[in-house]
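Survey of secondary and tertiary structure
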Amino acid sequence: MSATPRAAGLLIACAVLGAALAMGLRQSFGLFLAPMTTTLGWSASGFALAIALQVLVNGVAQPICGQVADRIGGRRVIMGGAVLYALGILGMALSTSLFWFTFFAGIVMGVAVSAAGMPVIIASLTRLLPPEMRGRAVGLGTAGSSFGQFLVVPLSQLGISVAGWQGALFLLAGAALLMVPLALPLNDKPAPPVAGEVEQTAGEALSLALRSPSFWCLFFGFFVCGLHVSFLAVHMPGFVASCMLPASVGAASIALIGLFNIAGSLAAGELSQRWRRRELLVLIYAGRGVLMTAFLLADKTTTNVLIFSALMGVLWLSTVPPTVALVARNYGTRWLATIFGLVFLGHQVGGFTGAYLGGLIFDLTGSYDLMWSLCIAAAAFAALVHLPVRDGPALALPAQAATKP
């Protein structure tokens, strides 16, 4: 049932703050690489593998957590994920070997991020709000994630400076528990069946989606989004250093991406309500390709890096509102968290690919130029693959399956 206008503001505020906290905490983990590896004598690659495993586990667990949320409501799943978030971070703080660190940072945190992350939060919010508010709300939720990256990461660095890496992890574990009260208003229920139609089971909804060409177009398009996001998030500071620019420029680049994505996500949310989502995704991915091409050909000065980062921030996660809107429009909201969770799996597989492939190419060639070229080609592919996406009312079951006994 959709929320009343009075309740909508509280719903959106709690969802935005929850998404901000979830994203900000997970984006802070890279800050612990240097102090933890130095203190504990671990290799940087061992630490990085644990975080990369988190991305993969997050992708695999997302549709499972999504289906649980579709069955019992998002609130309980988010609350459970928040508790698991805190336990995972505590385990990271207390780990004395890479094996246990990999278990807590990779496996436990991968599941926690799936349960308490943006896809489940947004799916719950989408079910609770009337259709005319959904695009704006998804844009706000996505912007909240970027605001978390912009705000929580510097605070985590401050915590490391003041309390040390272990003390900072204890503080982050406590902060994760704040997601429990923030989830209280998200008491969504399974969407009621449309009058005159038989409600789909999870298996029927998944079968319908997996047989739909539009689903696979969205899946592979989101793969490219993950490829771009992880490559830039992991390797932009290294790329800046390879261009002989100060390390502060790399940090400023990541901060600018997060800051400007707030505006980009809000704009995408508004446009998702007013314009066709398919064309919006085509323009976003094509815009990424043009921007990366111009940056690859330009002189690598501090000014050009910062301009590129700001413009890329506008396009960073602006793919999320139209993608969620297309999933909801094509497949309904009853199993939205499940189906969007599968689309999100494509994003996370792309994220693992972007992070790993960027490092591999640099190790083999001593340059990121080939990876930039691959990212440009991937952007062109993503723009083209969205052209045939269906943007219409929710698909129904075949006539024989929908016939009442």
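Relevant structure appears above.
For the structure given in this document, a descriptive report is provided here. Owing to the predicted nature of the structure, the values given are computational and were not obtained by experimental measurement. (Residues numbered from 1 in each chain as written. Predicted model: local features only at pLDDT ≥ 70, side-chain atom pairs only at ≥ 80, totals over all residues. Heavy atoms only, no water.)

With that settled, consider the pattern of salt bridges. By the definition in use, this model includes 4 salt bridges. Residue E279 pairs with R276 through a salt bridge whose shortest N-O separation is 3.8 Å. According to the relative accessible area criterion, E279 is partly exposed, its value standing at 29%. Judged by its relative accessible area of 38%, R276 falls in the partly exposed class. In this structure, R278 engages E279 in a salt bridge whose closest nitrogen and oxygen atoms are separated by 3.3 Å. (Salt bridge = Lys/Arg side-chain N within 4 Å of Asp/Glu carboxyl O. Buried < 20%, exposed > 50% of the residue type's maximum accessible area, 1.4 Å probe, protein only.)

What follows covers helix α12 (residues 277–297). A rise of 1.5 Å per residue sets the reference length of α12, with its 21 residues, at 30 Å; its end C-alpha atoms lie 31 Å apart and thus fit the reference within 8%. For α12, the set of buried residues is R277, R278, L280, L281, V282, I284, Y285, R288, G289, L291, M292 and F295. (Helix = DSSP H or I, 4+ residues; strand = E, 2+ residues; numbered from the N terminus. Expected span 1.5 Å × (residues − 1).)

Together, F147, F150, L151, L155, L158, V162, L259, F260 and V314 give the surface a local cluster of nonpolar side chains, amounting to about 780 Å² of exposed area. Elements with a contribution of two residues or more to the nonpolar patch: α7 (131–176) and α11 (247–274). No other element matches the 6 residues that α7 contributes to the nonpolar patch. (Patch = residues over 30% accessible without salt bridge, like charges linked within 9 Å, V, L, I, M, F, W, Y side chains within 5 Å. Areas by Shrake-Rupley, 256 points an atom, 1.4 Å probe, with all protein chains shown as cover.)

Right, let's talk about the state of the cysteines for a bit. The term disulfide refers to a covalent linkage connecting the sulfur atoms of a pair of cysteines. Within the structure shown, the criterion is met by 0 disulfides. The structure places no disulfide on C243, whose sulfur is separated from the nearest cysteine sulfur, that of C375, by 15 Å. Sulfur of C375: no disulfide; nearest cysteine sulfur belongs to C225 and is 11 Å away. (Disulfide = S-S within 2.5 Å.)

This next bit is on the packing of aromatic side chains. The full count for this structure, using the stated rule, is 21 aromatic pairs. On the basis of an interplanar angle of 65° and a centroid distance of 5.3 Å, the ring pair of F239 and W372 is categorised as edge-to-face. Of this pair, F239 sits in helix α10 (residues 213–242) while W372 sits in helix α16 (residues 369–385); the two residues are 133 residues apart in sequence, bridging distant segments of the chain. Across the pair, exposure class does not vary: F239 and W372 are buried alike. Between F340 and F344, the aromatic rings sit 6.4 Å apart at their centres with planes inclined by 45°, giving tilted as the arrangement. Within this pair, F340 and its partner F344 are both found in helix α15 (residues 336–365), separated by 4 residues, close to a single helical turn. The residues F340 and F344 share a single accessibility class, namely buried. Of the aromatic side chains, those joined through ring pairs into one cluster are F231, F239, F295, F308, F362, Y368 and W372. (Phe/Tyr/Trp six-rings, centres within 6.5 Å; stacked < 30°, edge-to-face > 60°.)

The next point concerns α15. In this model α15 runs 43 Å from its N-terminal to its C-terminal C-alpha over 30 residues, within 8% of the 44 Å that 1.5 Å per residue would give. Trailing α15 by a residue or two, G366 shows a phi angle of about 75°, which is positive.

Despite not being glycine, M244 has its phi angle at roughly 65°, a positive value. Note on placement: M244 falls in the loop between α10 and α11. Looking at M244, the relative accessible area reads 73%, which means it is exposed.

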